[in-house]
Amino acid sequence: GGLLNASLAHEIALDESFRLQPDEPPPADSLEARVRTQLERAFVDDIRARMVAGDYGGLLGLMAEVRDGILAATMPGQEALRSRIAAYFDLDHVEQQLQAGAFDHADQQQAIVTELGRLCAAARDAEVAALVDRRDPVEFLKACLEVVSLMRLDLANFYITTMRPTICKDAARVEQTSFAAALETGATSLDKTTAWLRSAAVVATTATATPTAGGSFADCFRLAMVRLLDSSTNRADEWPETLSM
């Protein structure tokens, strides 16, 4: 949504080292890791069993995922590469060859590894090179998905680096526009912000010799910001919406 995009722009503008990171795998001995391993094994075994029975739907579905992932990792202007990838994954033709027992998995795998080697960043060369050791077609495609996911992350980070000057220039406007849109739709409000500023104004007023000399808005705002740093007057559930990007 708008606030999410504004929050991302905010992070990119303020943190020059900001990068999208892959999900951290769960600890190897955790329940989540064991369940994930069992599910992945069951998924692979099911595709293999269906292949033995002459049903290649699972394998073709996996090929389609890899094809779409690689295409999503290409950049504008790489039309020749996109055409080659589409040809390697011509699923109608592949299915015909599979049914006839004439499909050459090794030939397809070598072609894919070659194209990924041309497309990936240098930091992914080792992951791509390791794919040649995956002889089983299902394991190969599954490993391809993992590598392509990292490549798409690399591409996204490349775009972030490229667009950072523009994002920095427009970050304030994007945040203001997104917040205004969220206010209009009711996705957020100014209730906590109003209460936060009023609380600071009350403190500023009562701290002066005359109740009407509470100080300027700038004085109240500075006091409000200082009070956010004080744990005794700062509750997470009362954090002002305007500072919650």
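All figures in this text were calculated on a predicted structure; none of them were measured in a lab.

**Notes on the side chain of Gln108**
Structurally, Gln108 can be placed in helix α6 (residues 105–119). Setting aside chain neighbours within four positions, we find Gln108 in contact with Met63, Tyr88, Phe89 and Phe103.

**Quick notes on the pattern of salt bridges**
Inspection of the entire model under this criterion finds 16 salt bridges. For Arg48, the salt bridge goes to Glu139, with nearest N and O atoms at 3.5 Å. Separated by 91 residues along the polypeptide, Arg48 in helix α2 (residues 31–52) and Glu139 in helix α8 (residues 137–185) bring together distant segments of the chain. Measuring nitrogen to oxygen at the nearest pair gives 2.6 Å for the salt bridge that ties Arg84 to Glu115. Within this pair, whereas Arg84 is found in helix α4 (residues 79–88), its partner Glu115 is found in helix α6, the two being separated by 31 residues in sequence. In the salt-bridge network here, residues are joined through shared partners; they are Asp45, Arg48, Arg134, Asp136 and Glu139.

**Brief notes about the nonpolar core**
Grouped together as the largest cluster of nonpolar side chains are 35 residues, with contacts concentrated most on Leu59, Met63, Ile70, Phe89, Leu116, Leu131 and Leu141. Other than its neighbours up to four places away in sequence, Met63 contacts Phe89, Leu91, Val94, Phe103, Gln108 and Leu141.

**Let's talk about the packing of aromatic side chains**
Aromatic rings considered in pairs are described by the distance between their centres and by the relative angle of their planes. One pass over the full model with this rule turns up three aromatic pairs. Geometrically, the ring pair formed by Trp196 and Phe221 is edge-to-face, given 6.0 Å between the ring centres and 75° between the ring planes. Of the two residues, Trp196 is situated in helix α9 (residues 191–206) and Phe221 in helix α10 (residues 217–228); the sequence distance between them amounts to 25 residues. Owing to a relative accessible area of 11%, Trp196 belongs among the buried residues under this scheme. Taking 6.1 Å as the distance between ring centres and 25° as the angle between the ring planes, the aromatic pair formed by Phe217 and Phe221 counts as stacked. Here Phe217 and its partner Phe221 are both found in helix α10, four residues apart, which amounts to about one turn of the helix. Taken together, the ring pairs in this structure connect Trp196, Phe217 and Phe221 into an aromatic cluster.

**Looking at helix α5 (residues 91–99)**
Because each turn of an α-helix spans 3.6 residues, side chains separated by three or four positions in sequence point in the same direction. All buried positions along α5 are accounted for by Leu91, Val94 and Leu98. What you see down the axis of α5 is that its buried residues fit within an arc of 60°, all on one side. Turned more than 90 degrees away from the buried face of α5, the exposed residues are Asp92 and Gln96. Here the buried face of α5 lies against α3 (57–72), α4 and α6. Residue Gly101 follows α5 closely and has a positive phi angle near 70°.

Calculation notes
Residues numbered from 1 in each chain as written. Predicted model: local features only at pLDDT ≥ 70, side-chain atom pairs only at ≥ 80, totals over all residues. Heavy atoms only, no water. Helix = DSSP H or I, 4+ residues; strand = E, 2+ residues; numbered from the N terminus. Contact = heavy atoms within 4.5 Å. Salt bridge = Lys/Arg side-chain N within 4 Å of Asp/Glu carboxyl O. Core = buried A, V, L, I, M, F, W, Y, C linked by side-chain atoms within 4.5 Å. Buried < 20%, exposed > 50% of the residue type's maximum accessible area, 1.4 Å probe, protein only. Phe/Tyr/Trp six-rings, centres within 6.5 Å; stacked < 30°, edge-to-face > 60°. Arc of directions from axis to C-beta.

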